[in-house]
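Each chain, written out:
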Amino acid sequence: MMNNFELVDDYLANRLSDLEKQAFEQQLNGDSSLKKQVEFQRKIVEGVKQARMVELKTMLNNVPVGGSMWTAGKLATALVSAGVVATFMYLYVNNNQTPDTSDQNPLTEEVATLPDATNESPLPEVQPIAKDSLISDAVPVKEQEKKSKQQTKTAAKSEETSPVRKPDIQVVDPSDELSETEDIAETAATTGRGEVSASKMEVITANSDKKHTFHYQFAQGKLLLFGPFDKSLYEILEIHGDTHAVFLFYKENYYLLDQSKSTITSLEPIRESQLLKKLKEYHGR
Amino acid sequence: MAYRVFKTGLEMNEKDLFERIQKGDEKALEFIYKKYYRMMTKLVITNSGTEEEARDVYQDALVVFWQKARTGNLVLTSKMSTYIYSVCQNLWRKELDRKKRLSNEEKDSGETMDMDGPEREKIIAKCLDQLGETCRKVLMFYYFDEMSMQDIADKLGFANTDTAKTKKYKCKQKLDELVKAQYSESDFLD
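All values derive from a computational prediction rather than experimental measurement. (Residues numbered from 1 in each chain as written. Chains lettered and ligands numbered in written order. Predicted model: local features only at pLDDT ≥ 70, side-chain atom pairs only at ≥ 80, totals over all residues.)

## What to know about the overall build of chain B
Logical step 1: Regarding its fold elements, chain B presents ten helices and zero strands.
Logical step 2: Along chain B, from the amino end to the carboxyl end, the secondary structure elements read α-α-α-α-α-α-α-α-α-α.
Logical step 3: The buried share of chain B, reckoned over its 190 residues, is 29%. (Helix = DSSP H or I, 4+ residues; strand = E, 2+ residues; numbered from the N terminus. Buried ≥ 20, exposed ≤ 12 C-beta atoms within 10 Å, placed from the backbone.)

## Here we look at helix 8 (residues 273–283) of chain A
Residues and elements named next belong to chain A.
Logical step 1: For helix 8, the full list of buried residues reads Leu 275, Lys 278, Leu 279 and Tyr 282. An end-on view of helix 8 places all buried positions within 100° of arc, on one side of the element. Opposite the buried face of helix 8, by more than 90 degrees, sit the exposed residues Ser 273, Lys 277 and Lys 280. (Arc of directions from axis to C-beta.)

## A short note on the interface of chain A and chain B
Logical step 1: Tallying the contact residues gives 23 residues for chain A and 30 residues for chain B.
Logical step 2: By residue number, the principal contributor to the side of chain A that touches chain B is helix 3 (residues 32–61) of chain A, which donates 16 residues.
Logical step 3: Split into classes, the residues belonging to the side of chain A that touches chain B amount to 13 nonpolar, four polar and six charged. (Contact = placed C-beta atoms within 7 Å. Nonpolar A, V, L, I, M, F, W, Y, C, P; charged D, E, K, R; others polar.)

## Some details on the nonpolar core
Across soluble globular proteins, nonpolar side chains show a tendency to be buried alongside one another.
Logical step 1: Counting 26 residues, the largest nonpolar core has Leu 223, Leu 224, Leu 225, Phe 247 and Leu 257 of chain A as the members making the most contacts within it.
Logical step 2: Of all the elements in the fold, those that place two or more residues in this core are strand 3 (198–206), strand 4 (215–219), strand 5 (222–226), strand 6 (234–240), strand 7 (244–250), strand 8 (253–257) and helix 8 of chain A.
Logical step 3: The biggest single contributor to this core is strand 7 of chain A, with five residues.
Logical step 4: The contact partners of Leu 257 of chain A, leaving out residues within four places of it in the chain, are Tyr 216, Leu 223, Val 246, Phe 247 and Leu 248 of chain A.
Logical step 5: Among the nonpolar cores identified, the runner-up in size contains 25 residues, and Ala 54, Ala 61, Trp 66 and Ala 69 of chain B belong to it. (Core = buried A, V, L, I, M, F, W, Y, C linked by C-beta atoms within 7 Å.)

## Observations regarding the confidence of the model for chain B
Residues and elements named next belong to chain B.
Logical step 1: For chain B, the mean per-residue pLDDT works out to 86, and 84% of the residues sit at or above 70.
Logical step 2: Here residues 1–12 scores under 50 on pLDDT; set against residues more than four positions off or in separate chains, the count is seven contacts.
Logical step 3: Reported confidences for the modelled complex are a pTM of 0.51 and an ipTM of 0.86. (pLDDT = per-residue confidence, 0-100.)

## Here's the deal with helix 2 (residues 14–22) of chain B
Residue and element names in this part refer to chain B.
Logical step 1: Taken residue by residue, helix 2 has Leu 17, Arg 20 and Ile 21 as its buried positions. Along the long axis of helix 2, the arc covered by the buried residues comes to 100°, so they all point the same way.
Logical step 2: Once helix 2 ends, the next one or two residues include Gly 24, with phi positive near 90°.

## Things to note about the environment of Thr 265 of chain A
Residue and element names in this part refer to chain A.
Logical step 1: Summarising the element assignment, Thr 265 is placed in strand 9 (residues 265–266).
Logical step 2: For the pair Thr 265 and Phe 214, spaced 51 residues apart in sequence, the C-alpha to C-alpha distance is 8.7 Å.
Logical step 3: Setting aside chain neighbours within four positions, we find Thr 265 in contact with His 215, Tyr 216 and Gln 217.

## Things to note about the pairing of strand 8 of chain A
All names here are of chain A.
Logical step 1: Where strand 7 and strand 8 come together, five bridges link them in antiparallel fashion. Bridge pairing in strand 8 places Val 246 opposite Leu 257.
Logical step 2: Adjacent in sequence and paired antiparallel, strand 7 and strand 8 are bridged by two residues, among which Lys 251 carries a positive phi angle near 45°. (Pairing = 2+ DSSP bridges.)

## Structural notes on the pairing of strand 5 of chain A
Residues and elements named next belong to chain A.
Logical step 1: By the criterion of burial, strand 5 is predominantly enclosed, with five of the five residues buried.
Logical step 2: Going residue by residue along strand 5, you find Lys 222, Leu 224 and Phe 226 tucked away on one face and Leu 223 and Leu 225 tucked away on the opposite face as well.
Logical step 3: Judged from the five bridges that link them, strand 4 and strand 5 form a sheet pairing that is antiparallel. From the neighbouring strand, His 215 faces strand 5, where its bridge partner is Phe 226.
Logical step 4: Between strand 4 and strand 5, which pair antiparallel and follow one another directly, the connecting turn spans two residues, one of which, Gln 220, has a positive phi of 50°.

Shown next as structure tokens:
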């Protein structure tokens, strides 16, 4: 029995010479009980091998490979991904009415499910990139150039047909005078108590055309940004204090976005030091 | 940090890296895994696979590579990456075929899959765990890695090959008993 056991074991462990192997297989053909024993042992050996494979794979699984396929690589890729996630979040919020900023983390799933979510979008013509941010806690948003060109055109046309639910944004007093709006901005920034509540703002970027190289516009409750926003990261800051105000942060500059302006307005960096200081404080939170 | 030292030491010489694999250096396998991760998973992802499937295929391919190298059944005539890549290709092609067949079978709604295999593997894995770490290693090294008794003795710190041999024999007997206790023999063979 001991001999048989060893022979079977050597056979299954691939330790027999070709000659020995041949002889054993001949013996096997004429001995059904030996055959049965071999089959039993074979399954156990296969199980051991399988367990080793699982062990090796588990070991490999624990090797860090530099992030997921979607986010690894160039920064640009990551930024585009972030834009896509933002789109998903906007749609998610719209569908469920339960904004939850904790959903920002799992990049991969969100990117993967994007095509479906986009199809179910209540916006058949526009696919805006939007953000869901906490007040005074800006979220970076970045978008792809090609899409946004079309989006701007369609967004402008679709006013009467668009079923978009208007974002819950308080509108500041209409005023065309920059000095006045700056006052509003400053009041908001300096008196803001930093209450935290979910807010939504749709943002659409468009390549600059000849007339509008660095401009913005509020239309149909959406924010349109004209300019090279596909080249660098931009952020939208919303501040809810006694007054509500929206700012753009782009390339180390802050810009006031006056929601009362429905015409295309040029973006001018804020220079007022007191206001800048406050904005940086909120931004850094 | 240890990794970095390892990396610079190995990157220069592919032959050396392959020799380490042949000797059973799992760190070398981890290094290769990391080095070619994007290249290999991309192959699957760009051929209608998910990232998870890509990772799975790549890991399977590396395990095949490992076993072939360990058992001396692989003579490298090309770069390691070329070999691993072709294994990935084959595995993914097989998986795509399997998926296709599966979807056809679903339409016929006839065949059932063999569920005994995975179930049996689970039971054996459980029994292996019950044997303890040394037995587990001895049996895995012996059957999967096809290590010599001398190598097993060296790797696990046994006094000599006789100790390794006895250990293997006892561990295997014990495993058989444990598995038999889980199954009646006829059930197991079904």
